Amino acid sequence: MENRRNFIKTSALAAAAVLTNIPKTKAEEKQQQIKPATVKPIVISTWKFGIGANEEAWKILANNGKALDAVETGVKVIEGNMNERSVGLGGRPDRDGHVTLDACIMDEFANIGSVACLEHIKHPISVARAVMEKTPHVMLVGDGALQFAISQGFTKEKGVVEETQKDWKEWLKTSNYKPQANIENHDTIGMIAMDSNGNFSGACTTSGLAYKMHGRVGDSPIIGAGLYVDNEVGAATATGHGEEVIRIAGCHSVVELMRQGRTPQQACEEAVARIVRITKNRGKNLKDIQVGFIAINQNGQYGAYCVQSGFNFAVYNEVGNNLINSDFYMK
Ligand code: SD4
């Protein structure tokens, strides 16, 4: 019995050694230059506007607040900015001129809430949180989501902003739907955090791809695609062409890869590699696709990877709030 116990112990140690000896990727080597003294808390979010969102989230995390409150508060900064053309009511419209919003939220207990194709509401992430906390369901869409929001005291805002109307009228001249990689340069905000108690949460919110079909739903409100959190492992969120993220259950894949021992960086790279393989197998052109993943784990390590250059993300940990260019596949 004792021998068996020793054997199990030795095998576990050997396995751990193998995992920690996995060679570092180039991106990981760079990350080591920005190394915090302690790993908790940490918040990371997609694109340049993540810097401002992180600032607000950090105020909560630095005060021993909950990751859930931090990520909701953080992404609300971007949702509330009418000059952001890819998140919230200032976002670009669909083909029919409607701004339809997708959002989801997930906490350390695997509580989840989501809204899709929601119109007229300034903070879809807070409606998603209300779905999570106040209904027996996990997802509400379209008019049902709007009715629920109103019943919860959210204000029904007027139609689309002037700038959006102008864009849409201009687009109608050609009515050409071809989402381009990084065209908006900052799209969805996905934010994931670990608080000082070591608990994870995530939030993801977007107006989705510009000039999508009315009723189209992307990856961002779909738990497992645009966002996934597992308190035993870490968290991941995504940005880019939602159809491609959904195809591989993107963020769930990233988290499962971390569970198997990959670092966040390795997990993001492997998920992107899957998208690359699938895209090629389907005979599609990789140049037309952009997907970016970001991830964190319990050791406070972070990672990011995308299909092509142009994606960046913001990391706030003990060493400060830094914007980092993501490494990418198409060199
Ligand atoms: C979507 N993933 O609706 C979102 C949009 C996005 O970069 O992130 N664009 O598919």
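Residues numbered from 1 in each chain as written. Predicted model: local features only at pLDDT ≥ 70, side-chain atom pairs only at ≥ 80, totals over all residues. Heavy atoms only, no water.

Looking only at helices and strands, the chain has ten helices and 13 strands in total. Taken across its 331 residues, the chain has 54% of its residues classed as buried. Pairs at least 24 apart in sequence give 66% of the contacts found in the chain among residues at least 6 apart. If you sum the accessible surface of the chain, you get close to 14700 Å²; carbon and sulfur atoms cover 51% of it. (Helix = DSSP H or I, 4+ residues; strand = E, 2+ residues; numbered from the N terminus. Buried < 20%, exposed > 50% of the residue type's maximum accessible area, 1.4 Å probe, protein only. Contact = heavy atoms within 4.5 Å. Areas by Shrake-Rupley, 256 points an atom, 1.4 Å probe, with all protein chains shown as cover.)

A few words on the sheet that holds strand S2 (residues 101-106). Spatial strand order, S4-S3-S2-S6-S5-S1-S11-S12: eight strands in an open sheet with mixed pairing. Both outer strands of the open sheet, strand S4 (139-141) and strand S12 (320-325), are each paired with one neighbouring strand and no more. The sheet shows a mean angle of 10 degrees between the axes of neighbouring strands, direction not considered. In this sheet, strand S5 (residues 189-194) lies alongside strand S1 (residues 42-46) in antiparallel orientation, the contact comprising four bridges. Among the inter-strand pairings, Ile42 is bridged to a residue of S5, identified as Met194. (Pairing = 2+ DSSP bridges. Axes fitted to C-alpha atoms, helices over the stretch in contact; angles between N-to-C directions.)

Take the pattern of salt bridges next. Counted by the stated rule, this structure contains 16 salt bridges. Across the pair Arg92 and Asp167 runs a salt bridge whose closest N-O atoms are separated by 3.5 Å. Of this pair, Arg92 sits in the loop between helix H4 (67-79) and S2 while Asp167 sits in helix H7 (residues 162-172), and the two are 75 residues apart along the sequence. Here the two residues Arg92 and Asp167 agree in accessibility, since each one is buried. A salt bridge links Glu243 to Arg216, with the nearest nitrogen and oxygen atoms 2.9 Å apart. (Salt bridge = Lys/Arg side-chain N within 4 Å of Asp/Glu carboxyl O.)

Applying the stated rule across the entire model yields one cavity of 30 Å³ or more. A volume near 90 Å³ is recorded for the largest cavity. Here the lining of the largest cavity is composed, by residue class, of one nonpolar, nine polar and five charged. (1 Å grid on protein atoms, 1.4 Å probe; cavity = no way out; pocket = protein on both sides within 12 Å on 5 of 7 lines; lining within 4 Å. Points joined across faces, edges and corners; volume = space filled by probe spheres on them. Nonpolar A, V, L, I, M, F, W, Y, C, P; charged D, E, K, R; others polar.)

Mapped onto the elements of the fold, Leu140 is located in strand S4. Spatially, the C-alpha atoms of Leu140 and Pro221 are 10.0 Å apart, while their sequence positions differ by 81 residues.

This part takes up the pairing of strand S10 (residues 302-306). The element S10 is largely enclosed, with a buried count of five among its five residues. The two faces of S10 match: Tyr302, Ala304 and Cys306 on one face and Gly303 and Tyr305 on the other face are all buried. Inspection of the sheet shows strand S9 (residues 291-297) paired to S10 by five bridges, in the antiparallel sense. Across the sheet, residue Ala295 finds its bridge partner in S10, namely Gly303.

Below, the discussion takes up a nonpolar patch on the surface. On the surface, Val138, Met139 and Val141 cluster together into a nonpolar patch covering about 230 Å² of accessible area. Looking at the secondary structure, you find Met139 in strand S4. (Patch = residues over 30% accessible without salt bridge, like charges linked within 9 Å, V, L, I, M, F, W, Y side chains within 5 Å.)

Take the confidence of the model for the chain next. For the chain, the mean per-residue pLDDT works out to 89, and 88% of the residues sit at or above 70. In the model, residues 1-21 has pLDDT below 50 throughout and makes two contacts with residues more than four positions away in sequence or in other chains. (pLDDT = per-residue confidence, 0-100.)

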